[in-house]
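# Working through the structure, step by step
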Amino acid sequence: LAKTLYSRLFDWLVARINVSIGQDASSECFIGVLDIYGFESFKTNSFEQFCINLANEKLQQHFNQHVFKMEQEEYEREAIDWSYIEFVDNQDVLDLIEKKSNPPGIITMLDEACMFPTTTHEQLSQKLYAGLSDNPRFKKPKRSVTAFTLTHYAGEVT
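Residues numbered from 1 in each chain as written. Predicted model: local features only at pLDDT ≥ 70, side-chain atom pairs only at ≥ 80, totals over all residues. Heavy atoms only, no water.

### Thoughts on the packing of aromatic side chains
Across all of its chains, the model carries 9 aromatic pairs by this definition. One aromatic cluster in this structure is built from Phe 47, Phe 50, Tyr 129, Phe 138 and Phe 148. (Phe/Tyr/Trp six-rings, centres within 6.5 Å; stacked < 30°, edge-to-face > 60°.)

Now the structure itself:
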């Protein structure tokens, strides 16, 4: 019932917005919403959720690159009068997660740890804490010896 109510309310709201902006009801164009900021946080986050969040970060970066960065560079090249659009560049989060070296990111450190079958969660965590403690997007939770927290635009994800 709640899902149906939400869906109908959302459809009604979009229709009202389209009417209020002068949208022709028979038009092929319409207002739409795309949620690309899909970084989720649950009470307990698994490796699977970490990978889902990474995929969402990559999609966000792709969107930023093509919609904001490249378009604004083209406006500058063509001397088009426009106002700069501020946007959150998440490259630092991607570097924290997947950078290959100097310092290596979380996935690179995980990959290295997997080469040694006797590596424990605690050993990997200590390596992460030591290698990434200077990164403002990375934190060690106070009461854990194996968890880590990523500080994302929307908040912290542990």
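Next comes the rest of the account.
### Concerning the pattern of salt bridges
Scanning the model with the defined rule gives 5 salt bridges in all. Close ionic contact of Glu 156 with Lys 139 constitutes a salt bridge, the shortest N to O distance being 2.4 Å. Note that Glu 156 is positioned in strand S3 (residues 155–157) and Lys 139 in strand S1 (residues 138–139), a separation of 17 residues in sequence. Residue classification places Lys 139 among the partly exposed positions, given a relative accessible area of 38%. (Salt bridge = Lys/Arg side-chain N within 4 Å of Asp/Glu carboxyl O. Helix = DSSP H or I, 4+ residues; strand = E, 2+ residues; numbered from the N terminus. Buried < 20%, exposed > 50% of the residue type's maximum accessible area, 1.4 Å probe, protein only.)

### A look at the sheet that holds S3
The strand order across the open sheet formed by 3 strands is S1-S2-S3, and the pairing between neighbours is antiparallel. Each edge of the sheet is formed by a strand with only one pairing partner; in this case those strands are S1 and S3. Relative to strand S2 (residues 149–152), S1 is paired through 2 bridges, and the arrangement is antiparallel. Bridging across to S2, Phe 138 finds its partner in Leu 150. (Pairing = 2+ DSSP bridges.)

### Concerning the layout of surface pockets
Of the volumes computed, that of the largest pocket is approximately 600 Å³. If you trace the largest pocket, you find 23 residues lining it, with Phe 47, Leu 124, Leu 128, Thr 146 and Phe 148 closest to the centre. Mapped by element, the contributors of at least two residues to the lining of the largest pocket are helix H2 (47–77), helix H4 (106–114) and helix H5 (121–132). The residue makeup of the lining of the largest pocket, split by class, is 13 nonpolar, 10 polar and no charged. (1 Å grid on protein atoms, 1.4 Å probe; cavity = no way out; pocket = protein on both sides within 12 Å on 5 of 7 lines; lining within 4 Å. Points joined across faces, edges and corners; volume = space filled by probe spheres on them. Nonpolar A, V, L, I, M, F, W, Y, C, P; charged D, E, K, R; others polar.)

### Concerning H5
The terminal C-alpha atoms of H5 lie 16 Å apart, and with 12 residues this matches the ideal 16 Å at 1.5 Å per residue to within 8%. Leu 124, Ser 125, Leu 128, Tyr 129 and Leu 132 are the residues of H5 that are buried. End-on, the buried residues of H5 take up no more than an arc of 135°, which puts them together on one face. Contact partners of the buried residues in H5: helix H3 (91–98), H4 and S1. (Expected span 1.5 Å × (residues − 1). Arc of directions from axis to C-beta. Contact = heavy atoms within 4.5 Å.)

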